[in-house]
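# Understanding the architecture of this molecule
So the chains spell out like this:
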Amino acid sequence: MIAIGGVIGAGLFVGSASGIAAAGPGILVSYALVGALVVFVMRMLGEMAAANPTSGSFSAYADRALGRWAGFSIGWLYWFFWVVVLAVEATAGAVILEGWVPAVPQWAWALIVMTVLTATNLASVGSFGEFEFWFAGIKVVAITGFIVLGGLAIFGVLPGSDHAATGFGNLTGHGGFLPNGPGAILTGILLVVFSFMGSEIVTLAAGESSDAQRAVAKATRSVIWRVGVFYVGSILVVVALLPWNDPAIVKKGSYVAALDSIGIPHAGEIMNFIVLTAVLSCLNSGLYTASRMAFSLGQRGDAPRSFVRTNTRGVPQAAILASVVFGFVAVAFNYLWPDTVFQFLLNSSGAVALFVWLVICFSQLRMRGIILRENPEKLIVRMWLFPYLTWATIAMIAFVLLYMLTDEKEGGGRSQVLLSVLVAAVVIVISLVRERSRRKDTAEAVAPR
């Protein structure tokens, strides 16, 4: 369920409207292209994770395949990415909850949400899994129900609905399939790529599952239909039900507008509940992911040793608390300096997930040979058309990063890439200095007296 739900982020529900407005029905191509990218990256990660399940996942594989500097750098960058996400999601959840209970201020709701999910993660890994199971279940049921109801309405067979049967005429009936030109597909890619982030969480969680190899193999193989159904399928329903330029899509949100069009009562409240579920799921997963990455870094000597210590329930308590403290600080920044300090944090972590995907690709290029040499029987998941498709995926990610540089609006892709590169450069320099210092200490220790 973590694998299924992890690919359905709050960004799908919240961010799809701007993508539809920018690219029209052609946004389906944008989703399909980014979905293919995710499928390829997950296949590569699944190959490595099935052979060697670990809580460090791609950071540990980068450490082995590319060098200590790579494992250190991408591990800390990924940790930074998720603790910033904690602040974003806590604020998003607080906005919804304040709308339901205005007597409790927004900052108090953010504090409550963070505290409850921190307690959940501290309780046991089973508690995290139980919460995530139900969060994922709600998202899956909601998306599946939306696709079924929308599909029936598209063909005019939904009982009690007065929605005219449109078939798929809306895909071409309002300026064509690409009303804003083929270039809008690329713009759409920039708008939707970040709604796919988090699919790699399943390989971190696999390190603590009872049958990790089987779990990773199964999750990796199912990623194609998960992306196809939940992303492409649900967006197809939206653009088939409504003209892409319907003002309601941007005003209400794509899913609420679609539900309103087929006469589902209280569509806004229903979708707010589902978005809140997605936000809480992202918070829950983000805290788990950040803490386990910190735990793995501690195991490899790249973080304080206290991060490795676990309590009687097997939970890395210090790693969780360190992650959530930074998350609370980021929430405070969001309220105190939303347009300066927090905006810097947001932009400087914006492209990190794409860096992670690049590192996964380069690690897999090296790890395939290591696995074949040391444990060929563990190569139960294989990347397709290796190494050609791996190199093609690298080229696709590099293209997205380069295209982001053309987005010069405030807080856009250009500033995200440049600030993320700056932060990455700082972390890499720290890792190289640490590695040089470690080698010097080792040489002095073994030198003859």
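So, a few notes on the structure that sits alongside this text. Quick caveat, the model's predicted, so the values are computed rather than measured.

Thresholds, definitions, all that
- Residues numbered from 1 in each chain as written.
- Predicted model: local features only at pLDDT ≥ 70, side-chain atom pairs only at ≥ 80, totals over all residues.
- Heavy atoms only, no water.
- Core = buried A, V, L, I, M, F, W, Y, C linked by side-chain atoms within 4.5 Å.
- Buried < 20%, exposed > 50% of the residue type's maximum accessible area, 1.4 Å probe, protein only.
- Helix = DSSP H or I, 4+ residues; strand = E, 2+ residues; numbered from the N terminus.
- Axes fitted to C-alpha atoms, helices over the stretch in contact; angles between N-to-C directions.
- Parallel < 35°, antiparallel > 145°, perpendicular 65-115°, else oblique.
- Left-handed = near helix turned anticlockwise from the far one by under 90°.
- Contact = heavy atoms within 4.5 Å.
- Nonpolar A, V, L, I, M, F, W, Y, C, P; charged D, E, K, R; others polar.
- Salt bridge = Lys/Arg side-chain N within 4 Å of Asp/Glu carboxyl O.
- Expected span 1.5 Å × (residues − 1).
- Phe/Tyr/Trp six-rings, centres within 6.5 Å; stacked < 30°, edge-to-face > 60°.
- Patch = residues over 30% accessible without salt bridge, like charges linked within 9 Å, V, L, I, M, F, W, Y side chains within 5 Å.
- Areas by Shrake-Rupley, 256 points an atom, 1.4 Å probe, with all protein chains shown as cover.

### Side note on the nonpolar core
One finds F13, F58, L354, W357, I360, I397 and L401 to be the most contacted residues of the largest nonpolar core, which totals 146 residues. For this core, the element with the most residues is helix α5 (residues 68–100), which contributes 19 residues.

### Some words on the packing of helix α14 (residues 267–299) against helix α15 (residues 317–336)
With their axes 8 Å apart at the nearest point, α14 and α15 run at an angle of 125° to one another. With respect to α15, the element α14 is oriented oblique. α14 and α15 meet at a crossing whose hand is right-handed. For the pair α14 and α15, contact is made by L287, A290, S291, R292, A294 and F295 and by A319, I320, S323 and V324, respectively. Residues of the contact of α14 with α15, tallied by class, amount to seven nonpolar, two polar and one charged.

### Observations concerning the pattern of salt bridges
Overall, the coordinates contain eight salt bridges when judged by the stated rule. Residues D260 and K252 are paired through a salt bridge, measuring 3.0 Å at the closest nitrogen-oxygen approach. For the salt bridge of R434 with D302, the shortest nitrogen-to-oxygen distance reads 3.5 Å. Linking R434 in helix α19 (residues 413–446) with D302 in the loop between α14 and α15, this pair joins segments that are 132 residues apart in sequence.

### Some remarks on helix α6 (residues 106–123)
End to end, α6 covers 26 Å across 18 residues, agreeing with the expected 26 Å (1.5 Å per residue, within 8%). Listed as buried for α6 are A108, W109, A110, V113, M114, L117, T118, T120, N121 and L122. Residues of α6 that are buried sit in contact with α5, α7 (125–154), α14 and α15.

### As for the packing of aromatic side chains
Taken as a whole and assessed by the stated rule, the structure comprises 19 aromatic pairs. Look at F40 and W384: their rings are 6.4 Å apart centre to centre, the planes differ by 75°, and that puts the pair in the edge-to-face class. Of this pair, F40 sits in helix α3 (residues 27–51) while W384 sits in the loop between α17 (352–374) and α18 (388–404), and the two are 344 residues apart along the sequence. Note on Y78 and F81: the rings are 6.3 Å apart at their centroids and 20° apart in plane angle, and the pair reads as stacked.

### A few points about unusual backbone geometry
At the junction of F386 and P387, the peptide bond is cis and its omega measures out at 0° in the coordinates. Positive phi outside glycine occurs at H266, with the angle close to 55°. Here H266 is to be found in the loop between α13 (254–261) and α14. Non-glycine residue L385 carries a positive phi angle of around 50°. Looking at the element boundaries, L385 is found in the loop between α17 and α18. Classification of L385 by relative accessible area gives exposed; the value is 63%.

### Some remarks on a nonpolar patch on the surface
On the surface, W107, L111, Y335, L336, W337 and V341 cluster together into a nonpolar patch covering about 600 Å² of accessible area. Of all the secondary structure elements, the ones that give two or more residues to the nonpolar patch are α6 and α15. Take L111: it is sitting in helix α6. With a relative accessible area of 41%, L111 lands in the partly exposed category.

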